[in-house]
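The chain contents come next:
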Amino acid sequence: MKPDSLLQLIIAAGVMTLMAFCLVAVVFVAIPKEQLNLFTALASGVIGGAFGIVVGFLFGAALGSHGKDAVPASAAQP
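These numbers were taken from a predicted model, which means no experiment stands behind them. (Residues numbered from 1 in each chain as written. Predicted model: local features only at pLDDT ≥ 70, side-chain atom pairs only at ≥ 80, totals over all residues. Heavy atoms only, no water.)

**Student:** Give a detailed account of a nonpolar patch on the surface, specifying residues and quantitative values.
**Tutor:** A cluster of nonpolar side chains, namely Leu23, Val24, Val26, Val27, Phe28 and Val29, defines an oily patch on the protein surface of about 610 Å² accessible area. You can see Val29 is positioned in the loop between helix 1 (3-28) and helix 2 (36-59). (Patch = residues over 30% accessible without salt bridge, like charges linked within 9 Å, V, L, I, M, F, W, Y side chains within 5 Å. Areas by Shrake-Rupley, 256 points an atom, 1.4 Å probe, with all protein chains shown as cover. Salt bridge = Lys/Arg side-chain N within 4 Å of Asp/Glu carboxyl O. Helix = DSSP H or I, 4+ residues; strand = E, 2+ residues; numbered from the N terminus.)

See the structure below:
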């Protein structure tokens, strides 16, 4: 497994763990009514932020630069 693939797997597993933790908290933990809005906002921020980071890493600027990295490496070969 390449390091990029391993990193992608670790990040994806972390995001899934965060989503599972929030789902378990919503289903099995009694959240007081006065703190429900706070929990919802925090959980949405954590999940949305983590999802945005994963999508940005997999499909953002890092993906576009992979093609550029191959050209200098092949040009450096004698």
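**Student:** Got a sec to walk through the environment of Val15? Specific residues and values, please.
**Tutor:** Summarising the element assignment, Val15 is placed in helix 1. With a relative accessible area of 10%, Val15 lands in the buried category. Setting aside anything within four residues of it in sequence, one finds Val15 in contact with Ala50 and Val54. (Buried < 20%, exposed > 50% of the residue type's maximum accessible area, 1.4 Å probe, protein only. Contact = heavy atoms within 4.5 Å.)

**Student:** Give a detailed account of the environment of Ile47, specifying residues and quantitative values.
**Tutor:** Here Ile47 is to be found in helix 2. Here the alpha-carbon distance between Ile47 and Val15, two residues 32 residues apart in the chain, equals 7.2 Å. Ignoring sequence-local partners within four residues, the contact set of Ile47 consists of Met19 and Cys22.

Coordinates in, geometry out; function isn't part of it.
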